[in-house]
Structure formats: structure tokens, C-alpha cells
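# Observations on chain architecture
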Amino acid sequence: MYDSAAARDPLGCVFIVTYGRSGSTLLQGILNSIPGYVIRGENGDSLYSLFAYFNTLDKAHREHTDPAKKSPDTPSHPWFGINQFSPETTLSLLRSLVLASLLQPPSGTRVTGFKEIRWVHSNWRAYADFLIRLFPRARFVINTRDHADVLASKWWKDRENGAAILDRAEVQFAELEAAYPNRTYRVHYNDYTADSGSLEGMFKWLGEPFDKDRVDDVLARKHSY
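Described in the following lines is the structure provided in the data block. (Residues numbered from 1 in each chain as written. Predicted model: local features only at pLDDT ≥ 70, side-chain atom pairs only at ≥ 80, totals over all residues. Heavy atoms only, no water.)

In this model, the largest pocket occupies a volume close to 440 Å³. As for the largest pocket, its lining consists of 24 residues, and the residues nearest its centre are Arg-21, Gly-23, Thr-25, His-223 and Ser-224. Among the elements that line the lining of the largest pocket, the one with the most residues is helix α2 (residues 24-32), at 4 residues. Partitioning the lining of the largest pocket into residue classes produces 6 nonpolar, 10 polar and 8 charged. Considering only enclosed or pocket space, the second largest pocket measures out at about 240 Å³ in volume. The wall of the second largest pocket is formed by 15 residues, among which Ile-117, Arg-118, Val-120, Trp-156 and Ile-165 lie closest to the centre. Considering every element that reaches the lining of the second largest pocket, the biggest residue donor is helix α8 (residues 162-179), with 5 residues. (1 Å grid on protein atoms, 1.4 Å probe; cavity = no way out; pocket = protein on both sides within 12 Å on 5 of 7 lines; lining within 4 Å. Points joined across faces, edges and corners; volume = space filled by probe spheres on them. Helix = DSSP H or I, 4+ residues; strand = E, 2+ residues; numbered from the N terminus. Nonpolar A, V, L, I, M, F, W, Y, C, P; charged D, E, K, R; others polar.)

In C-alpha cells:
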């Protein structure tokens, strides 16, 4: 059950950045094996809609509260009330919304977040900045997989330009790493399924002890479809 007290505390936040059929549900399970971690599954890229909402209001506020122009604080102004928009207040409200409706961290949660396969956007940098403003302790775990294995899955077989889509995702993921080197860590499905010990670096980066037996137990269980 969602614990509002947990939401008031500064929670850590991890976003799994990936594409479809990369083995990310397995990585989600590995992260959730860490005590105090609650990493949710996909949400249809719903936070991008909140980003668009925030950006629209922020842009309107900046454009229509120019001191040199008529203030939008009277009913005769076409943008009446936009001057009352507060970026920080809005971010706080959106954070509470995401925590209460999507992440719902139970009591004892130290780190929350979600995995998503829909990350490729032309304005990805602005979106990433928004997520960091929304969750100041946000970090991104990039999960990739050999493209031949990904494209062989049923989910990709009927998609046009699948290889180009994956290539575009890889370029964006590399740009994300370059833009936020301290907030990103990359893992590769083919590596950690062959040797779970390859994840020890990720655990160290997260500041968590690496329990190989616990990770191997997760790897032995079926995840996703």
C-alpha cells in the first residue's frame, strides 16, 4: 500500500532505459531483489505527457508575464491567471501525483522508479532534465541487448525499420551517458545472463552490496513473456 510518509522523504529513483525485448523485465526483477527497492514496470511513457504539460505551462508563463507588457492578472487578458504558474510548485504537485498514482512506494522503500521501453524522443535531453527536476536523485540504468537477438523476437518481426529504430535508440543512450556521466550506468543483457558477476559494478554504483546468490536466484526465474 502507498505510504505518503515515504513520499515526503527524499527517495532515491532509478529509471531503466531500454527498448522492447531487451531483457529489461529481468533487470527490473534483479533491482527489486535489493531490500528497499521498488522498481515498477512500464507505464506507456506516461511521464512524457506530464513533461509536455509542464513545458506548455512553463513556456506560456515565460511568454505572457513580460514586465514590459500588460500583466495577465485581470479577466480582460486572454492569458488571465498564467502569471500565477509556479514551476517549483507544479513540479512538487506532479511528483506527488506520480508517487501516489504510479510508483506507490510502500513503507520501507528507499529507492523507487520504473523501467520503460519508450525513450526515443527528439527532445530527449529536455525530458531527461525534467525527470531530474521531478526526482532530484534520479539515476538511469541503460539496458541493451545484442540487436540480432532483439530483432529475432516476435515483438519486432512485423515492425518496419526495426534495426534503424534500435540504432537510433543506441545513439540516444550514448548521448544520455555523455550528458549525465554520474547519473548513468550501462549493462548488457547478454553479459549478465552469461555471468551474473558482471553486475557487481552496477551494484557498487548504486551503493548496494552485491549478493551473487540472490541475483542468480532471480536469473533462474522466468520473467516477462
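Formed by 35 residues in total, the largest nonpolar core has its most connected members in Phe-15, Phe-130 and Phe-135. Those elements that provide at least two residues to this core are β1 (12-17), α3 (46-64), α4 (87-103), α5 (124-134), β4 (138-144) and α8. Once residues within four sequence positions are removed from consideration, Phe-130 is found in contact with Leu-47, Leu-50, Phe-51, Phe-54, Leu-91 and Leu-94. One finds Val-141, Val-187, Leu-206 and Val-215 within the second-largest nonpolar core, a separate group that totals 21 residues. (Core = buried A, V, L, I, M, F, W, Y, C linked by side-chain atoms within 4.5 Å. Buried < 20%, exposed > 50% of the residue type's maximum accessible area, 1.4 Å probe, protein only. Contact = heavy atoms within 4.5 Å.)

To continue, consider the packing of aromatic side chains. Counted according to the given criterion, the structure contains 19 aromatic pairs. Here Phe-54 and Phe-130 contribute two aromatic rings whose centre-to-centre distance is 5.7 Å and whose plane-to-plane angle is 40°, an arrangement assigned as tilted. Here Phe-54, found in helix α3, pairs with Phe-130, found in helix α5; they are 76 residues apart in sequence, far enough to count as distant. Classification of Phe-54 as buried rests on a relative accessible area of 3%. Measuring from ring centre to ring centre gives 5.2 Å for Phe-203 and Phe-210, while their planes differ by 70°; the resulting arrangement is edge-to-face. Taken together, Phe-15, Tyr-48, Phe-51, Phe-54, Phe-85, Phe-114, Trp-119, Tyr-127, Phe-130, Phe-135, Phe-140 and Tyr-180 form an aromatic cluster joined through their ring pairs. Sitting above the plane of the Trp-156 ring, Arg-159 keeps its charged end 5.9 Å from the centroid. (Phe/Tyr/Trp six-rings, centres within 6.5 Å; stacked < 30°, edge-to-face > 60°. Lys NZ or Arg CZ within 6 Å of the ring centre and 35° of its normal.)

Running from N to C, α4 and α5 point in directions that differ by 80°, and their axes come no closer than 9 Å. For the element pair α4 / α5, the angle class is roughly perpendicular. Residue-level inspection shows Pro-87, Glu-88, Leu-91, Leu-94, Arg-95 and Val-98 of α4 in contact with α5, the latter providing Phe-130, Arg-133 and Leu-134. Looking at the contact of α4 with α5, its residues break down into 6 nonpolar, no polar and 3 charged. (Axes fitted to C-alpha atoms, helices over the stretch in contact; angles between N-to-C directions. Parallel < 35°, antiparallel > 145°, perpendicular 65-115°, else oblique.)

This part covers empty space enclosed by the protein. The full count for this structure, using the stated rule, is 1 cavity of 30 Å³ or more. Considering only enclosed or pocket space, the largest cavity measures out at about 70 Å³ in volume. When residues of the lining of the largest cavity are assigned to their parent elements, the largest contribution, 4 residues, is made by α5. Per-class residue counts for the lining of the largest cavity are 8 nonpolar, 1 polar and no charged.

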